[in-house]
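Working through the structure, step by step
Single-letter residue listing:
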Amino acid sequence: MSTDASHEVRPAVDTAAGRAPRHSVDAGQEPGHKGGLRRKGLSERNRPLWMLIPGGALMIIIIVVPLLLGIYMSVLNLDQYTLRKWISSPFIGVENFVEAMTASPLLHAVWLSVSYSLLAMVVTLPLGIAAAVATQNAFKGRAVVRSIFLIPYVLPSFVVATVWRTMLQPGGIVDEALATVGIHVGLWLNGPQTFWTLVLVQIWASWPFIYLLALSGLQSVDHEVHEASALDGALWWNKLRYVVFPYLKGPLALAFLIGMLHHINNFTLPFVLFGVPAPTDVEVLPILTYVTSFQSFRFGLSAAMAFISLVLIAIPLFVYLRAVKLDDAETPRGKK
Amino acid sequence: MRFKSTTGLAAIVTAAALALTGCGSGGSGGSGGSTNADGKVDGAGKTLNVLTGVLSQYPEQQKQWQSDIAAKFKAETGADVKFETFASANDELTRIQTSVVSGQGPDVYGLGTTFTPTAYATKAFVTLSDDDWKAVGGKDRFNQAALGISGPDKDHLAGIPFVSRPFVMAYNKDLLAAAGIDKPATSWDELAAQAKKMTSGDTYGIATGYKDNYDPWKFIWAMAVQAGNPLVDGNKLKMDDPTVKKAYETYFGWLTKDKVVDPASVGWSNSNAVAAFASGKAGYLMMTTSSSIPTLDKSAVAGKYEYTLMPTTAPGETQSKSDGDAASILSGDNLVVADYSKQKDLAFAYIKLITSKDEQLNYQKIFGDLPANAEALASLTDPKLKPLADAAAKSKATPFTGAGGDIQLGLLNVTVQSVPDLAAGKVDDSALDQRIKDAQTKGQASLDRASKG
């Protein structure tokens, strides 16, 4: 409840406006409920909804309009032959969807995208948490270590992929290093191992993101909590498990969500690492959509693919969002 | 759903961009120049927009050339030229799509030859009439071979040849002489045999990159054409023909059977192959162009290498079965004029200027690309350019169809998916069959759409 002075003034003004009888009834009630509708907090009453306009307009232009256009394109036979008058391209209904589901590697691509993202996520989570816990307490050189941890995160994806591609090429530095200890892995950038290459590079590039969010979670742990658990004689593991981790749940749930979406959407990494046409083991969703659109010029089919994958990915996401209650802020208690 | 915007919805985003640019107004314009009594186009006060690829090897020279040409064009017609450049094929494609949909943009486009069929398929560019050809100086002024990929047939041409960039091979004279070879191979079988003689230790007979994004399909196409299979026959794709399989076997065989290429080349692109040849560790450098001259002239093989035609006799054959030698894909740049352009006469005048003999020779001198102007091409005397000029005259056009992109992709994909087998030293026969079959199915579907479109 707001304690702002301005709404305390309001009843007086109302009284002056000749609404005294009602006011007296209100006054008879218990203090907290005085004022009924008029007693809403300032932030709600004068909530500046107009502030949504700039963001909302941008959302409509760069997300809603393209989304609708994309859905429209997905029912057209839109390719290089019809592009010129694309609004009047032949309407073919669900044909693109049928082709995407039955005669294209779409489902394979969805499977690859989701599984690679999950794998990368499962590995980066403990890595990030461990790094955050390790750098939580001050020690000499902590600032340097923390800065170094962020390097993969601040490097552009293109740079990361180019450097890794150079290191992983046949006879490259990675092969040579492994050969000195007698390990010969084979090809990194072609064939079945590409999937694991993609996972590996993705892990390298994205664990600092988990680390960052875990760190922010750790820093929200009150000092008193540490003290209290110390007084109770909790050992480090128990302290971590029952005291600290609960604080991390929110930030990490968020990190998981954003990370998954980022991995599934990651075009630069596989594109630069493997090129197109990509080896079938890394023909992930963004690559497939790109090739369909810009190498085969099947814009309609590609839009249908994108739409199907959106739906396929949105369903588990929705379930996840409900499960971790990231939208807690919308419950009435948090309303302000 | 915020993630939506970046999911592989490239298509959608493009559409939005197209729609938005479509709403934009303006663009330079004017209702086109008028032609004076003396046949000169009067373009005073107008601006011609030209979109062309950036020459990353010669950035300064390109700017200089553009300002020189703009000055000459101004002197001739009174109009200005405004150049825009694209940095990558992707960039180019985006610009073309935007312009095609919105009906506005550059007046003249410079396109890679293999992209011309796709551009033609959009019907957004001028198919030149007889008068149009006259306006650019006549069809006869061009190297006739270079017109091969300007349109589906000789009466429907949209691409005006600007430069040729034929593919040749380079050979290391010292290595060939040391192996007792007196002249470079003219058949693929001979090439492999010679390469074997030159291979020893860390020196290999052939340098090529199996992971290049373009080279592999050019080899397969060339060998197939030389064996009498031009891949596309009417509306039928003939990728499942034995000649295609034979081509793959030969190309992969250099590594798996003949062992005449560096095993590391499974991960090489063309530039790695150039580097290997430049270090003097390879007898032949396959599938290269005049653009390798600057690199090679500064390397260990400077003065020791020469260009020559790639073999024109298919593997297992004794003579070429194609209709005329196919030494290279028809490669280079074409110019196309946008159908929506309101100043086509100015555009033609510009093309006439830059395809004139003098300008073409000047361009060759600065950038190394061969003239498309027949007279200019014939006047080249530098012996190093001789094999390149030969290759330009003996270049053969790849199939002119909107499905060309998919066919290339299919051919290339067979190599990409075979690379792990290559690295292991053996390409499984049934796996290769299956990959070729997939490429055939997809390519044929694309060809079917092309015939309807």
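Keep in mind that what you see is a predicted model, and the values were worked out from it rather than measured.

**Remarks on helix H15 (residues 285-294) of chain A**
Spacing of three or four residues puts side chains on the same side of an α-helix, whose turn is 3.6 residues. Most of H15(A) is tucked away: ten of the ten residues are buried. Those residues of H15(A) that sit buried are Leu285(A), Pro286(A), Ile287(A), Leu288(A), Thr289(A), Tyr290(A), Val291(A), Thr292(A), Ser293(A) and Phe294(A).

**Concerning a nonpolar patch on the surface**
Residues and elements named next belong to chain A. Residues Val144, Ile148, Ile151, Leu155, Phe158, Val159, Val163 and Trp204 make up a contiguous nonpolar surface patch of roughly 680 Å² in combined accessible area. Looking at the nonpolar patch, the elements with two or more residues in it are helix H7 (142-149) and helix H9 (157-168). With three residues, the top contributor of residues to the nonpolar patch is H9. Summarising the element assignment, isoleucine 151 is placed in helix H8 (residues 151-154).

**So, the packing of helix H9 (residues 242-256) of chain B against helix H17 (residues 429-452) of chain B**
Relative placement of two packed helices is described by the angle separating their axes and the distance separating the axes. All names here are of chain B. It is the contact of H9 with H17, at a shortest axis distance of 11 Å, that shows an interaxial angle of 125°. In terms of orientation, H9 and H17 fall into the oblique class. The two elements H9 and H17 cross, and the hand of that crossing is right-handed. Residues Lys245, Tyr248, Glu249 and Phe252 of H9 form the contact with H17, whose participating residues are Asp429, Leu432, Asp433 and Ile436. Of the residues that constitute the contact of H9 with H17, the class distribution is four nonpolar, no polar and four charged.

**Overview of the pattern of salt bridges**
All names here are of chain B. Inspection of the entire model under this criterion finds 20 salt bridges over all chains. As a salt-bridge pair, glutamate 249 and lysine 245 come within 3.9 Å of each other at their nearest N and O atoms. In this pair, glutamate 249 and lysine 245 are both assigned in helix H9, four residues apart and thus about one turn of the helix distant. Its relative accessible area of 29% is what places glutamate 249 among the partly exposed residues.

**Quick notes on the sheet that holds strand E4 (residues 80-86) of chain B**
Residue and element names in this part refer to chain B. Read across the sheet, six strands follow the order E4-E3-E5-E14-E6-E15 without closing on themselves; strand pairing throughout is mixed. Each of the sheet's edge strands pairs with one partner strand only, and the pair in question is E4 and strand E15 (370-371). Here strand E3 (residues 47-53) runs beside strand E5 (residues 108-112); their pairing, made up of two bridges, is parallel. Across the sheet, leucine 51 pairs through a bridge with tyrosine 109, a residue of E5. Each of E3, E4 and strand E6 (160-164) is contacted by helix H2 (residues 59-77), which is oriented at about 155° to E4, the strand it contacts most.

**Some thoughts on the confidence of the model for chain B**
Across chain B, the average pLDDT comes to 87, with 91% of residues at 70 or higher. For residues 1-33 of chain B, every residue scores under 50 in pLDDT, and the model assigns this stretch 60 contacts once sequence neighbours within four places are set aside.

**A look at the nonpolar core**
Core analysis: the biggest nonpolar cluster contains 56 residues, and Leu191(B), Ile206(B), Tyr248(B), Trp254(B), Tyr284(B) and Met286(B) have the highest contact counts within it. If you list the elements that add at least two residues to this core, you get strand E7 (168-172), helix H6 (173-178), helix H7 (188-198), helix H8 (215-226), H9, strand E11 (282-288), helix H16 (404-424) and H17 of chain B. Among the elements that make up this core, the one with the highest residue count is H8(B) (eight residues). Dropping the residues within four chain positions of it, Leu191(B) is found in contact with Met169(B), Ala185(B), Ile206(B), Trp254(B), Tyr284(B), Met286(B) and Pro311(B). Counting residues in each nonpolar core, the second largest holds 53 residues, with Trp164(A), Val174(A), Leu198(A) and Phe274(A) among its members.

**Quick look at the side chain of Ser331(B)**
Inspection of the secondary structure assignment puts Ser331(B) in the loop between strand E13 (328-329) and strand E14 (332-337). In this structure, Ser331(B) is in contact with Thr113(B), Val163(B), Ser164(B), Arg165(B), Pro166(B) and Phe167(B), ignoring residues within four places of it in sequence.

**Some words on the interface of chain A and chain B**
Opposite the 45 residues of chain A that make contact, chain B presents 48 residues. Between chain A and chain B the total buried area reaches about 4,200 Å² when both faces are included, carbon and sulfur atoms providing 67% of it. Sorting the residues of chain A by area buried against chain B places Tyr81(A), Arg84(A) and Pro277(A) first, and these three jointly supply 18% of that buried surface. Linking chain A with chain B are one salt bridge.

**Some thoughts on the environment of Val98(A)**
All names here are of chain A. Mapped onto the fold, valine 98 is located in helix H5 (residues 95-102). The class of valine 98 is partly exposed, set by a relative accessible area of 44%. For the pair valine 98 and alanine 304, spaced 206 residues apart in sequence, the C-alpha separation works out to 9.1 Å.

How each quantity is defined
- Residues numbered from 1 in each chain as written.
- Chains lettered and ligands numbered in written order.
- Predicted model: local features only at pLDDT ≥ 70, side-chain atom pairs only at ≥ 80, totals over all residues.
- Heavy atoms only, no water.
- Buried < 20%, exposed > 50% of the residue type's maximum accessible area, 1.4 Å probe, protein only.
- Helix = DSSP H or I, 4+ residues; strand = E, 2+ residues; numbered from the N terminus.
- Patch = residues over 30% accessible without salt bridge, like charges linked within 9 Å, V, L, I, M, F, W, Y side chains within 5 Å.
- Areas by Shrake-Rupley, 256 points an atom, 1.4 Å probe, with all protein chains shown as cover.
- Salt bridge = Lys/Arg side-chain N within 4 Å of Asp/Glu carboxyl O.
- Axes fitted to C-alpha atoms, helices over the stretch in contact; angles between N-to-C directions.
- Parallel < 35°, antiparallel > 145°, perpendicular 65-115°, else oblique.
- Left-handed = near helix turned anticlockwise from the far one by under 90°.
- Contact = heavy atoms within 4.5 Å.
- Nonpolar A, V, L, I, M, F, W, Y, C, P; charged D, E, K, R; others polar.
- Pairing = 2+ DSSP bridges.
- pLDDT = per-residue confidence, 0-100.
- Core = buried A, V, L, I, M, F, W, Y, C linked by side-chain atoms within 4.5 Å.
- Buried area = accessible area lost by both parts, 1.4 Å probe.

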